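Fold and contact review
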Amino acid sequence: MDKGFEITAWIYGLVIISNSVFTKLRTDKKIRAKKMLSYFAKHNDVGMEFVKEGAVVPIGQINGYAYTVFVGDKDAHPYDKEWNVVKSLGKFNLSIGDDDSFWVAQLNELELWENGKLSGKDCLTEQVHYGMDELREVFRAVRIEKERGLYSVSIYGLKKKSPVEGELGEQSNYGFLFELEKVEALAETADPTTTDFAFYK
């Protein structure tokens with residue numbers, strides 16, 4: 001993906017989801033809960049299994065900004081000249097299944113989960129109010145096409161080289177780069193729930 005997209009981290013944060021792998025694990029484990037964030041909070045060992053298997057990477061405890069997200073292969077540098085990398089935030093696993101894609105979504109989407117909610121779609125959107133009269137359609141989740149396989153995802157924090165001033169401007173000054181590298185096997189991975197994803201300067 002050469003062009004970034006903007007997604008706001010409402011309430012909880014953001015998340016990378018492999019829909020096919022997430023759905024399969026949920027079915028295999030006979031998990032009926034729809035509030036998956038709450039379920040993982042109560043069953044941390046199961047949540048970490050989803051993480052290790054590359055089904056999900058939660059990016060929590062970040063400000064509720066409108067982040068610009070770029071996705072690319074290792075060393076591709078898909079972000080444009082307006083951005084600087086300010087912090088490396090860690091490496092995590094991603095398993096892409098037979099749907100040849102993964103998703104970047106608002107983390108609260110896991111709290112309203114149904115196995116088919118992302119199937120056959122390219123994005124999820126909602127309309128939100130800006131100011132007094134403006135109504136905008138914004139992303140809740142975006143599908144990224146990627147070949148089936150195992151990947152290591154390096155996450156980097158980005159900041160605009162020429163930041164926009166003011167409270168509203170500050171909310172649009174940051175972004176993420178998800179750099180994917182295909183691997184032969186999944187590695188041991190850090191716990192993203194204890195990772196410090198804040199990188200604001």
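To be clear, the structure that these remarks concern was listed above.
Here we summarise the structure given alongside this text. (Residues numbered from 1 in each chain as written. Predicted model: local features only at pLDDT ≥ 70, side-chain atom pairs only at ≥ 80, totals over all residues. Heavy atoms only, no water.)

1. Re the overall build of the protein chain
Defined as follows: Labels follow the DSSP assignment, with helices taken as runs of H or I lasting at least four residues and strands as runs of E lasting at least two, numbered in each case from the N terminus. Note that the radius of gyration is over C-alpha atoms, with the globule rule given as 2.2 Å times the number of residues to the power 0.38. Only protein chains enter the accessibility calculation, which uses a 1.4 Å probe; a residue whose area is less than 20% of its type maximum is buried, one above 50% is exposed, and one in between is partly exposed. Note on contacts: a residue pair is in contact if any heavy atoms of the two residues lie within 4.5 Å. Surface accessibility follows the Shrake-Rupley procedure with a 1.4 Å probe radius. Residue values consider only the protein chains on display as shielding. Charge assignment in this entry is limited to Lys and Arg as positive and Asp and Glu as negative, and neither His nor the chain termini are counted. Every charge is mapped to an atom, namely NZ of Lys, CZ of Arg, CG of Asp or CD of Glu.
A count of helical and extended segments in the protein chain gives 4 helices and 10 strands. Taken against the 2.2 N^0.38 rule, which gives 17 Å for 201 residues, the C-alpha radius of gyration of the protein chain at 16 Å falls within 12% of a compact globule. Counting the 201 residues in the protein chain, one finds 49% classified as buried. Intrachain contacts of the protein chain at a sequence separation of at least 6 include 79% that bridge at least 24 residues. With an accessible surface of roughly 10,700 Å², the protein chain has 48% of that area assigned to carbon and sulfur atoms. Side chains of the protein chain give 26 positive and 32 negative charges; the mean places of these two sets differ by 4 Å.

2. So, the pairing of strand β10 (residues 174-183)
Residues in a regular strand project their side chains so that they alternate between the two faces of the sheet. In plain terms, the rule: Any two strands between which DSSP finds at least two bridges are classified as paired.
When you tally the buried positions in β10, you get 7 out of 10 residues, the bulk of the element. Relative to β10, strand β4 (residues 66-73) is paired through 6 bridges, and the arrangement is parallel. Note that in β10 the partner of Val 71 across the bridge is Phe 178.

3. Examining the environment of Val 21
Within the secondary structure, Val 21 is located in helix α1 (residues 19-28). Between the C-alpha atom of Val 21 and that of Lys 52, which follows or precedes it by 31 residues, the distance is 12 Å. Aside from chain neighbours lying at most four places away, what touches Val 21 is Glu 53, Ala 55, Ser 95 and Gly 97.

4. Here's the deal with the pattern of salt bridges
This is how it is decided: Salt-bridge detection follows one rule: a side-chain nitrogen of Lys or Arg within 4 Å of a carboxyl oxygen of Asp or Glu.
Tallying each qualifying case throughout the model produces 10 salt bridges. Residue Glu 109 is joined to Lys 117 by a salt bridge in which the shortest nitrogen-to-oxygen separation is 2.7 Å. With relative accessibility at 13%, the residue Lys 117 sits in the buried group. The shortest N-O distance in the salt bridge between Glu 145 and Arg 143 comes to 3.6 Å. For Arg 143, a relative accessible area of 22% translates into the label partly exposed. In this structure, a network of salt bridges that share partners links the residues Glu 109, Lys 117 and Arg 140.

5. What about the nonpolar core?
Formally: The set of buried Ala, Val, Leu, Ile, Met, Phe, Trp, Tyr and Cys residues whose side-chain atoms join them within 4.5 Å is what this entry labels a nonpolar core.
Ile 16, Ile 59, Tyr 67, Phe 102, Ile 155, Phe 176 and Phe 178 are the most contacted members of the largest nonpolar core, which totals 29 residues. Contact partners of Phe 102, with chain neighbours within four places excluded, come to Ile 16, Ile 17, Ser 18, Val 71, Leu 94, Ile 96, Val 142, Arg 143, Ile 144, Lys 146 and Leu 180. Ile 17, Phe 22, Ala 55 and Ala 141 belong to the second-largest nonpolar core, a separate cluster that totals 23 residues.

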